[in-house]
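Observations on the three-dimensional arrangement
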Amino acid sequence: NAGVTQTPKFQVLKTGQSMTLQCAQDMNHNSMYWYRQDPGMGLRLIYYSASEGTTDKGEVPNGYNVSRLNKREFSLRLESAAPSQTSVYFCASRATPHSPPNTGELFFGEGSRLTVL
Amino acid sequence: GEDVEQSLFLSVREGDSSVINCTYTDSSSTYLYWYKQEPGAGLQLLTYIFSNMDMKQDQRLTVLLNKKDKHLSLRIADTQTGDSAIYFCAETLFLSGGYQKVTFGTGTKLQVIP
């Protein structure tokens, strides 16, 4: 059982280039999330998808787009990368509805480390 | 405010107890979590507590919840070098429409000195 799989694990981009981070989960979870992690700032939500076919903005959506391709896959796209988007990106999923015995646990991928020069 | 607050760094000696503190924002939060992040990895759930509980113990871990002060703490007894990691507290708030808003703290880096 792979859980949440993200690709690529590392990427270096030049300012203005575009790229897509891929995420897939095999736990049949309805909800999927993209976070970014920066030193001293914790995790900040970029976009989320409460269920297949829906996506919504989180705290820091500017400069990003997402696609919920199907129940398993949720991709994050940077159309024109900027140095401020240098970060570690995490995809996560959780089962919903959130009621016992479901603890509401978020399951995370291993992260994608992006550097924009 | 909107921020879940944690101190950024904690250093303890192997065998001592570690206490990591967190102040959360919303008294309506129903679930509070501690996640652990080891170097180069994603976050993994360590433990959680329901808002109607004051304390939860799980082997070396003790979670204390003070709802009046919106204060959450994680105590690790007999801290080992393998406990070195970043620890995040998180709160979950249920909003209308079924959406669950999860807010993470900044993370506390625990360094265990042999």
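A short tour of the structure in this document, coming up. (Residues numbered from 1 in each chain as written. Chains lettered and ligands numbered in written order. Predicted model: local features only at pLDDT ≥ 70, side-chain atom pairs only at ≥ 80, totals over all residues. Heavy atoms only, no water.)

The helix and strand tally for chain B stands at 0 helices and 11 strands. The C-alpha radius of gyration computed for chain B amounts to 14 Å, which stays within 12% of the reference 13 Å derived for 114 residues, consistent with globular compactness. For chain B, the spread of C-alpha atoms along the principal axes amounts to about 50 × 30 × 25 Å. Split into buried and exposed, the 114 residues of chain B put 43% on the buried side. Counted over contacts in chain B with a minimum sequence separation of 6, partners at least 24 positions apart contribute 56%. For chain B, the centre of its 10 positive side-chain charges and the centre of its 13 negative side-chain charges are spaced 1 Å apart. (Helix = DSSP H or I, 4+ residues; strand = E, 2+ residues; numbered from the N terminus. Rg over C-alpha atoms; globule rule 2.2 N^0.38 Å. Buried < 20%, exposed > 50% of the residue type's maximum accessible area, 1.4 Å probe, protein only. Contact = heavy atoms within 4.5 Å. Lys, Arg positive; Asp, Glu negative; His and termini not counted. Charge placed at Lys NZ, Arg CZ, Asp CG, Glu CD.)

Moving on, we get to the state of the cysteines. Residues and elements named next belong to chain A. For the structure on display, the rule yields 2 disulfides over all chains. Residue Cys23 pairs covalently with Cys91 via a disulfide, S to S 1.9 Å. With the S-S bond torsion at -75 degrees, the cross-link from Cys23 to Cys91 turns out left-handed. Taken together, the residues Cys23 in strand 3 (residues 19-25) and Cys91 in strand 9 (residues 87-94) connect sequence positions 68 residues apart. (Disulfide = S-S within 2.5 Å.)

So, about the layout of surface pockets. Taken as a whole, the second largest pocket holds about 210 Å³ of empty space. In this structure, the second largest pocket is lined by 14 residues; those nearest its centre are Gln37, Glu38, Pro39, Gly40 and Ile86 of chain B. Of all the elements in the fold, those that place two or more residues in the lining of the second largest pocket are strand 9 of chain A together with strand 9 (85-94) and strand 11 (108-113) of chain B. The leading source of residues in the lining of the second largest pocket is strand 11 of chain B, at 3 residues. In terms of residue class, the lining of the second largest pocket is made up of 6 nonpolar, 5 polar and 3 charged. (1 Å grid on protein atoms, 1.4 Å probe; cavity = no way out; pocket = protein on both sides within 12 Å on 5 of 7 lines; lining within 4 Å. Points joined across faces, edges and corners; volume = space filled by probe spheres on them. Nonpolar A, V, L, I, M, F, W, Y, C, P; charged D, E, K, R; others polar.)

Quick look at the interface of chain A and chain B now. Every contact between the two is made by 22 residues of chain A and, on the other side, 20 residues of chain B. Both sides together, the interface formed by chain A and chain B hides about 1700 Å², and carbon and sulfur atoms give 57% of it. On the surface where chain A and chain B come into contact, there are 0 salt bridges. Our enumeration of links across chain A and chain B arrives at 3 residue pairs in polar contact (both at pLDDT 80 or more). Elements represented by at least two residues in the side of chain A that touches chain B include exactly strand 4 (31-38), strand 5 (42-49) and strand 9 of chain A. Among the elements that take part in the side of chain A that touches chain B, strand 5 of chain A stands out by supplying 4 residues, more than any other. Partitioned by chemical class, the residues of the side of chain A that touches chain B number 10 nonpolar, 8 polar and 4 charged. (Buried area = accessible area lost by both parts, 1.4 Å probe. Salt bridge = Lys/Arg side-chain N within 4 Å of Asp/Glu carboxyl O. Polar contact = N/O pair within 3.5 Å; in protein donor to acceptor, adjacent residues only side chain to side chain.)

Before going further, it helps to spend a moment on the environment of Glu14 of chain B. All names here are of chain B. Along the chain, the position of Glu14 falls in the loop between strand 2 (9-13) and strand 3 (18-23). Placed 69 residues apart in sequence, Glu14 and Asp83 show a C-alpha to C-alpha distance of 9.5 Å. Ignoring sequence-local partners within four residues, the contact set of Glu14 consists of Thr79, Gln80, Thr81, Val112, Ile113 and Pro114.

We now examine the sheet that holds strand 1 (residues 4-7) of chain A. Strands pair in a sheet through their backbones, by hydrogen bonds, and they do so in one of two ways: parallel or antiparallel. All names here are of chain A. Judged by pairing direction, the sheet is antiparallel, and its 4 strands sit side by side in the order 1-3-8-7 without closing on themselves. The outermost strands of the open sheet, each flanked by one partner alone, are strand 1 and strand 7 (64-68). Strand after strand, the sheet turns through a mean of 15 degrees between neighbouring axes, direction not considered. Strand direction decides the pairing type here: strand 7 and strand 8 (residues 74-78), joined by 5 bridges, are antiparallel. (Pairing = 2+ DSSP bridges. Axes fitted to C-alpha atoms, helices over the stretch in contact; angles between N-to-C directions.)

On to the pattern of salt bridges. All names here are of chain A. Applying the stated criterion to the full structure yields 6 salt bridges over all chains. Ionic pairing is found between Arg36 and Asp38, a salt bridge with its closest N-O pair at 2.9 Å. Put simply, Asp38 and Arg44 hold a salt bridge, and the shortest N to O gap is 2.9 Å. Each member of the pair, Asp38 together with Arg44, is buried. Here the salt bridges share partners, and the residues they tie into one network are Arg36, Asp38 and Arg44.

We now examine the sheet that holds strand 8 (residues 71-76) of chain B. What the 5 strands build is an open sheet, ordered 1-3-8-7-6 (chain B); its pairing is antiparallel. What marks the edges here is a single partner per strand, and that holds for strand 1 (5-6) and strand 6 (55-58) of chain B.

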